[in-house]
Each structure stands twice: as C-alpha cells, then as structure tokens.
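Coordinate analysis (summary)
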Amino acid sequence: MEFSSLAVAPNTLPCFTLASPLPPVSCVSTASAGARRAIHCAIGATPADKSSTAWKGQTHHSKDYLERQAAILEVQQSPDLVSALHRFDDMLKVQDLNLMLRYFGKLKRFQDLSKLFEWMRQSGNISASSYTSYITFTGKSLNPMKSLEIYKEISEHSLRTNTYICNAVLSCLVRTGRYNLSIKVFQEMKKDGLKPDVVTYSTLLSGCIKAKDGYLKAREVVGELENEGLKMDGVIYGTLLAVCASNSKCEEAENYFQRMKDEGLVPNEFHYSSLLNAYSIDGNCNKAEQLVQEMKSAGLEPNKVILTTLLKAYVKGGLFVKSRELLAELESMGHANDEIPYCLLMDGLAKAGHTDEAKLIFKRIADKSVKSDGYAHSIMILAFCRKGLLGEAKELAKDFEAKYNRYDIVILNSMLCAYCRVGDMESAMQTLKKMDELAISPDRYTFNILIKYFCKEGLYLLAYRTMQDMHSKGIQVDEGISSSLIFQLGNMKAYSEAFSVYNMLNYGKITMCKALHEKILHILVAGRLFKEAYLVVKDNVGSISKPSLKKFATAFMKSGNVNLINSTLEVLHASGYKIDQEVFHAAVSRYIVLPEKKDLLLQLLQWMPEQKYCVNSSTRELIMKNSHFFGGKLIKEVLIYHPRVPKAAGSYELQNKTLNNSNLRCGAGNHSHSVGT
C-alpha cells in the first residue's frame, strides 16, 4: 500500500456543493431566471410559510450572502464564464471565487478552471488558497510543469514561501515521478524563506517510494526533518515503511515499525499492510503470518489488501498449497472480484514452471467471470513463451486483442514477445504501431524483445539501430544481449558498429564484464581501427591478457597512428607488460621511413634505457644505416646507452641483464626522459 495519498497538503480542500438554505426568488434581484428557478426548487418553501417543516431549524442569512450564492450558481452555469465574472465583479469575494475554483477542479472542467484563475490573477482577487487549489488541480490533470510555472510567476514573497502553496507544488512534481526536480525546487524554496512542515517532508518522502535509491533518499529527507526539530507522525512512518518495502529493506521496515510503537503511535491498517508488503517482497512467510496475527490481536480485522498481500508472501515463498487455500478464502469473503489475487498465484506458478496449474487458475478467472483488465492474459502469454509453447502464446495474444481494447506497456510487451518468438513479423509490427498510436513509450523490455528477435533472424544491423534508439532514450542496454551483438557485428565486419555498442555498455550505469574489453580489442584490431583499440587498451589494460596485448602492440606498431606509438609503449610498460624486441623493431621501422618524426624516435631511444630496454643488433643496424636522416652524431650519442644485444636476444630479462652491465661501465642512468614528451 502506497502512502502518497496521505502526503497531500492539508490545504487540498474538497469541492463543496452549495448546501446553505437559499432565499425565495424575490430576494435575488441579480440572478437570472434559470438561477432563480434553481434556487426556488432548492428551498422548496417561502419565508411566509414559517410553519412548514422545511423552514423550521434553517439558518437565516443576510441578503448580501444570499445574493452572492445566487451569483456563484449563475457563474458556474454560464456558457460565457468571463462575461459572467465581469458582471458580478463587485459582488463576489475571494472566498467565493475559491469555492468556484474547487468546483471546476472537482468536475475536471480544466478549461473553466484556467479561465477563472487567470481572471482572478488579472483582477487581483486572489489569495494563497487560490494558488493552492489551482496548482493542486493542474497537477491532477497531469500537467506538473504548468503548476511549477505558475509558482515561479508568483512575485509576492509571502505567497512564494506559503507552506500550503509550496506543498501543493511539490506534491504535483512527486505525484508525476519528478522526484529529483522536486528536491531541487524544495531547496530553492528554502533559500527563499520557506519553513517546511511535516506535510512538506511526508510529500517528499512519498516520492522516494518509486525513486531510484529511494531508501537512501528517504534517509536524507528524514535526517533533514529531524534537524528542523520536527517530530515524525503516523503518516511519515507509514510512508517510510512503504519506501522500505519498495526498496527491499525488510529489516529497516521492522525497525521503523517498532520505533513508531515505542513512541506511542498506534499502527493502523496502512502501517501493517506496508510492513507486510516488505515481508512479501522478501518472501518471509513466517513473519508475514505473525504480523497478521499481531494485527488481529490489536483488534484490526485483516481486509482485502492485507489478505492479498499475505497471498503475495505465500507465492513468493513458494507455498502454493497455502496460496490456493487463501485464494479460496478470499473468494468466500467476496474479496476476489478482480484478477489481482489470481494473477499473483498464476505468475508464481508460471515462474516456478507449473504452467499447467497456472492454466487452471486462468480458466478459473473465466469460469467465475472475474473482472479482468487483461493482465491474466499477459502472464499466460509469457508463461507459454518460457515453455516454448509459442503457438498457444500467439493464440492467446490474438484472443486478448479480440476481447480487450485496453493496453499498457506490460500487456503490449507480452504480445510482442509472443509474436517475435513465433516469427510473426507482421503482428509484431502491428503491436508496435498500436503502441505508437496510444502514445505508450517502449521500455527496456520492449527493446530487448526486438533486439533478440532481429539477432535471431540475422538482422544484426537492424538490431544495432534498435539498440541505438534504446540508448538515445536513456535506457540502459543489456550486457548479455550487447555482448552477443558485438560478436555478431564483428563477424560481419561491422567494426565501427561493434565499437559503438561497446561504448553504450562501457559508459552505462553497470560494471562491464572484463572479458568484453578483450573481445572488442580483437574486433578493432581485425578491423584496423587502431585509434579505438588504443583507447580500449589505455583504459582497460589490466583486464587484457598478455597474448592479446602482444597482438595489439605488433599490429599498432606496423599500422597504427605513428604519433601514438610512444604513448602506446608507455601504456603497455606501465601495466607491467614487458615489451619485446619485435615490437621495438616495428616501432623504429615506422620512424625510419618518416624523417619528420625524428623527435619521436629520439624520445623513444632515450626512454628505453630508463625502463631497462635496449635495441638489439638488427634494430641498431637499421638505425645506423639511416642515421643521416636524423643527425648521425645525435643518434650515436643516444645509442651509447644501448649496449649491443645479440639479434636473438628478444627477452626482457636478457636485455635487462645486458643493460645493467653496460650501465656499470659507462655510468648511464643519469638521464630521465618521458617517451611521450
């Protein structure tokens, strides 16, 4: 049970209908004929008939009050709202206008609501309650940014820091899933001088229920509440329990529940259901049962929500016998008139591999004519897909389309999965078209279903473009699917596309498997994308095997960007990889044919002895043969620090031993160079 509804600011008032006794028609000189008739019908008696039962005990109001009531009624019924407001401008007070705001809001007459509010702002007949009501109702019409815009246009400081107005704005943002924005706005409000109350914090807490890392964010909100010297009440505790449940913090939920009782607060059905939900998510059946018994001992009878949550705990814990018994109990109590308890059991059975038993529950829904929104179909479609019963999955998807005209992302994904599994591309495309027509945004599962299907059909470039679209929408790509796609793109020589998929993973929010760095390195080297390969090695050299580094180094020295040769060698050496003579010879060979790169060659030759490397005889001969291009004297001076090593001396250990002996003789080692400078 979520507590977001409990966190609404107390100023969010209901819309009141006119209940006061109304005057006889003759008393309302400004009312229209229609309004007068309505008033006459409402009172059912005249002042002259004081002996009548209808008149006895009624309160007498002033003529001014009665005329205002009639004016309110006429404005509410007028087809031209603005004209009616101008007509009664001198008569109506701010509280009358606020009453009409709530009237239009409750009836969802949002166009009239906006017209009235704008007229109030322009005429100056406005109060804090006006802003609170209007912001609340615009938020309920799913336009939270409009609410925020209205708030930011408030110039009067006392209104900008009014607790009720601020709470209404925050509630709109939280209700529509904009928790991070609500926190940012809250901090700005405090800077302006807002003094938050318990309702403010309970509103922010309710946003933590579905927010990422919601529990940690809730702790921050509670810490701030306590720093402000405010005490936690039943609503705060209830919301915290719901946050703990949604973030699988069962132990923390228990602690808050006990703390609440220790502070003298008596738990109600909402607190019990939230803690029970935490147990159900954890699959802790024993504690769930004990909590229900505790609730009964406290004099609270378990309601439909409590019993359904207990069923959820049984299913999660794999206690299917108890689950069936409890479902039968819910049926006997009249609490199984919708598909939710059936779907809980069906889903548990299906995921446990008991597809036939899940089918029996599905049939039971139909036999009992249980109200269904199609979620039972969704569960069974996925169950059939998991078991490989693709024909039945497709048939059920078609049955859903024939019976229901109500779709959401879960149901559409189930249908899409069924069609893709059987290779029915036409039906899959129709499902995507329906999703687009209904303005239902695809989620992670939608994209993964499509990418898997395209890969299965060998349409790897189409799978890649689908993954690009997924990534552009800020949805985290799946590592397993991405890894497989990278391999297939590499096989078809789509090297750049493979590297693009790798980057989607590498810069995502998950820790990538280390083996993937080596896999993409092989693909990039094969595709001669040496700059990209260099970046992979530079950032992940510790995750790549020595044979792969050797293959990369040899290929890069021969064909990579010559300006990055020294940097590449430095990266390899810093990782602990011992560079052999073949690699150095390849690097020198690249420089020899490019005299304009003599500075890079000199830097390399100066760097090598410092790292206990030296050129072998064949590399020395190559350098000396072409030394006139690089300044013969300078080259000879540098080579002094490279002792002669036999041509076959390729190992780092032998080079090191030779170099140490040479250093003892000529005092080398006083110099310090960076190969990359």
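Residues numbered from 1 in each chain as written. Predicted model: local features only at pLDDT ≥ 70, side-chain atom pairs only at ≥ 80, totals over all residues. Heavy atoms only, no water.

- The name an unreviewed UniProt entry assigns to the chain is PROP1-like PPR domain-containing protein, from the organism Trapa incisa.

1. Side note on the overall build of the chain
- Assigned secondary structure in the chain consists of 37 helices and zero strands.
- For the chain, buried positions account for 48% of its 677 residues.
- At a minimum sequence separation of 6, the contacts of the chain that also span at least 24 residues come to 64%.
- For the chain, the accessible surface area stands at approximately 32700 Å², while carbon and sulfur atoms represent 51% of it. (Helix = DSSP H or I, 4+ residues; strand = E, 2+ residues; numbered from the N terminus. Buried < 20%, exposed > 50% of the residue type's maximum accessible area, 1.4 Å probe, protein only. Contact = heavy atoms within 4.5 Å. Areas by Shrake-Rupley, 256 points an atom, 1.4 Å probe, with all protein chains shown as cover.)

2. Re the confidence of the model for the chain
- Per-chain confidence: the chain averages 82 in pLDDT, with 85% of residues scoring 70 or above.
- Taken together, the stretch residues 649-655 has pLDDT below 50 and engages in 16 contacts with residues farther than four places along the chain or on a different chain.
- Long-range and interchain partners of residues 661-677, a stretch whose pLDDT sits below 50, account for 21 contacts in this model, where long-range means more than four residues apart. (pLDDT = per-residue confidence, 0-100.)

3. Some words on the packing of aromatic side chains
- Taken as a whole and assessed by the stated rule, the structure comprises 12 aromatic pairs.
- Plain terms: the ring middles of Phe-117 and Tyr-131 are 5.4 Å apart, the flat faces sit at 80° to each other, and that makes the pair edge-to-face. One end of the pair, Phe-117, is in helix H5 (residues 110-123); the other, Tyr-131, is in helix H6 (residues 128-140), with 14 residues separating them in the sequence.
- Given a relative accessible area of 0%, Phe-117 falls into the buried group.
- Looking at Tyr-131, the relative accessible area reads 7%, which means it is buried. (Phe/Tyr/Trp six-rings, centres within 6.5 Å; stacked < 30°, edge-to-face > 60°.)

4. Re the packing of helix H18 (residues 320-332) against helix H20 (residues 355-367)
- The interhelical angle for the contact between H18 and H20, taken along N-to-C directions, is 0°, at an axis separation of 14 Å. On the basis of the axis angle, H18 is roughly parallel to H20. Taking contact as the criterion, the partners of Arg-324, Leu-327, Ala-328 and Glu-331 in H18 are, on H20, Glu-357, Ile-361 and Arg-364.
- A class-by-class count of the residues in the contact of H18 with H20 yields three nonpolar, no polar and four charged. (Axes fitted to C-alpha atoms, helices over the stretch in contact; angles between N-to-C directions. Parallel < 35°, antiparallel > 145°, perpendicular 65-115°, else oblique. Nonpolar A, V, L, I, M, F, W, Y, C, P; charged D, E, K, R; others polar.)

5. Describing the pattern of salt bridges
- On inspection of all chains with the given rule, the structure shows 25 salt bridges.
- Arg-444 serves as the salt-bridge partner of Asp-478, at 3.6 Å between the closest nitrogen and oxygen. Of the two residues, Asp-478 sits in the loop between helix H26 (460-472) and helix H27 (479-491) while Arg-444 sits in helix H25 (residues 444-456), which places them 34 residues apart along the sequence.
- Residue Lys-550 is joined to Asp-580 by a salt bridge in which the shortest nitrogen-to-oxygen separation is 3.1 Å. In this pair, Lys-550 sits in helix H31 (residues 546-559) while Asp-580 sits in the loop between helix H32 (565-574) and helix H33 (581-592), placing the two residues 30 residues apart along the sequence.
- The exposure class assigned to Lys-550 is partly exposed, which follows from its relative accessible area of 25%.
- Exposure remark for Asp-580: the relative accessible area of 18% places this residue in the buried category.
- What you see here is one network of salt bridges that share partners, running through Glu-118, Arg-121 and Glu-153. (Salt bridge = Lys/Arg side-chain N within 4 Å of Asp/Glu carboxyl O.)

6. Thoughts on the UniProt feature "repeat: PPR" (unreviewed entry) in the chain
- With numbering matched to this structure, UniProt assigns "repeat: PPR" (unreviewed entry) to residues 162-196, 197-232, 233-267, 268-302, 338-372, 408-442 and 443-477.
- Each end of residues 268-302 is marked by a C-alpha atom, and these two atoms are 11 Å apart; helix forms 77% of the span and strand 0%.
- The span residues 408-442 is 74% helical and 0% strand by assignment, and the distance between its end C-alpha atoms comes to 10 Å. (UniProt positions renumbered as here; feature names shortened; annotations may be inferred.)

7. Quick notes on the environment of Lys-387
- Following the sequence through the fold, Lys-387 ends up in helix H21 (residues 375-387).
- Assessed through its relative accessible area of 49%, Lys-387 is described here as partly exposed.
- Remark: the alpha-carbon pair of Lys-387 and Lys-351, spanning 36 residues in sequence, is separated by 10.0 Å.

8. Describing helix H30 (residues 530-540)
- Residues Phe-530, Ala-533, Tyr-534, Val-536, Val-537 and Asn-540 constitute the buried set of H30. When H30 is viewed along its axis, its buried side chains cluster within an angular range of 160° and face the same direction.
- On the buried face of H30, the contacting elements are helix H28 (495-506), helix H29 (515-526), H31 and H32. (Arc of directions from axis to C-beta.)

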